[in-house]
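# A structural walkthrough
Residues per chain, in single letters:
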Amino acid sequence: MTQDELKQAVARAAIDYVVDGEIIGVGTGSTANFFIDELGKIKDRIKGAVASSEATAARLRGHGIEVLDLNDVEAISVYVDGADEIDASGAMIKGGGAALTREKIVASVSGKFVCIADGSKLVQTLGKFPLPVEVIPMAANAVSRKLTRLGGQPRLRTKAGGTDAFVTDNGGYILDVAGLSITDPVALETDINQIVGVIAVGLFAQRGANVCLLGTGDGVRTMTF
Ligand code: 5RP
């Protein structure tokens with residue numbers, strides 16, 4: 001199976017977690033996009049969705065799914081999203097698609113985080129994928145120095161093919177931090193959150209996944225945490 005077929009398989013499996021008549025939280029990225037396409041097929045069963053990015057909102061609307069403002073929603077039962085890496089405890093690195101802050105916000109009000117990922121995302125130790133950290137633009141260099149002191153090698157994310165800084169939906173910059181071997185994801189999440197100028201860190205350990213639907217050559221494996 002190709003990686004896209006594995007992503008499609010987990011996206012299809014995630015439909016079983018959708019609660020009829022409710023609002024669902026929807027993540028960002030290529031795997032989440034497959035999920036949105038599946039959600040489009042059952043859109044009459046849900047009340048609407050809260051999106052974790054402008055791109056996701058546009059795709060949901062393209063399928064005729066109502067996108068609600070989180071300020072108008074009290075709670076969400078289920079949040080479905082991909083990951084860049086996930087470990088055996090359900091801790092994740094996210095933000096490859098630059099939506100980490102809104103993803104974290106929507107996940108924080110959701111009862112269940114269902115991670116959908118192809119098998120390549122399961123790792124023993126988080127950190128091979130450079131850890132995305134969203135920062136206030138004026139603080140980029142100051143935060144960068146602090147992340148270096150924590151043992152990482154931060155690099156400002158730039159627009160594809162250029163040297164201009166990539167700007168997130170929130171007007172932030174992203175520092176991609178390479179060289180970390182994250183043996184204590186909860187502690188590192190706390191440490192990075194405490195750096196002034198950080199908007200959010202793409203470590204989802206304090207609020208990790210509750211379920212991971214992992215696409216493998218042998219089918220969809222369900223991991224619960
Ligand atoms: C976006 C994310 C994505 O969930 C993550 O990058 C995985 O993306 P994909 O499903 O395309 O592999 O965190 O900010």
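For the structure itself, look to the data block above.
Given the structure is predicted, the values throughout are model-derived calculations rather than measurements.

Turning our eyes to something else, we now look at the site of the ligand. For the ligand, the set of nearby residues contains 17 residues, the closest of which are Ser30, Thr31, Asp84, Gly95 and Lys121. Contacts to the ligand include serine 30, whose side-chain N or O atom sits 2.5 Å from an oxygen atom. Take glycine 82: an N or O atom from its main chain is 3.3 Å from an oxygen atom of the ligand. For the ligand, the protein covers 91% of the area, taking 380 Å² as the surface of the free molecule. Taken together, the residues that form the shell around the ligand break down as three nonpolar, eight polar and six charged.

Spatial strand order, S8-S9-S7-S10: four strands in an open sheet with antiparallel pairing. In the strand order of this sheet, the two ends are held by strand S8 (153-156) and strand S10 (198-201), each with one partner. Across the sheet, the mean angle from the axis of one strand to that of its neighbour is 30°, orientation sign disregarded. In terms of strand pairing, strand S7 (residues 131-135) meets S10 through three bridges, oriented antiparallel. Paired with glutamate 134 across the strands is alanine 200, a residue of S10. The sheet contacts of helix H4 (residues 100-108) involve S7, strand S9 (173-178) and S10, and relative to S10 the element is tilted by about 70°. Docked against the sheet, helix H5 (residues 140-149) engages S7, S8, S9 and S10, running at close to 15° with respect to S9.

Thresholds, definitions, all that
Residues numbered from 1 in each chain as written. Predicted model: local features only at pLDDT ≥ 70, side-chain atom pairs only at ≥ 80, totals over all residues. Heavy atoms only, no water. Near = heavy atom within 4 Å. Polar contact = N/O pair within 3.5 Å; in protein donor to acceptor, adjacent residues only side chain to side chain. Areas by Shrake-Rupley, 256 points an atom, 1.4 Å probe, with all protein chains shown as cover. Nonpolar A, V, L, I, M, F, W, Y, C, P; charged D, E, K, R; others polar. Pairing = 2+ DSSP bridges. Helix = DSSP H or I, 4+ residues; strand = E, 2+ residues; numbered from the N terminus. Axes fitted to C-alpha atoms, helices over the stretch in contact; angles between N-to-C directions. Contact = heavy atoms within 4.5 Å.

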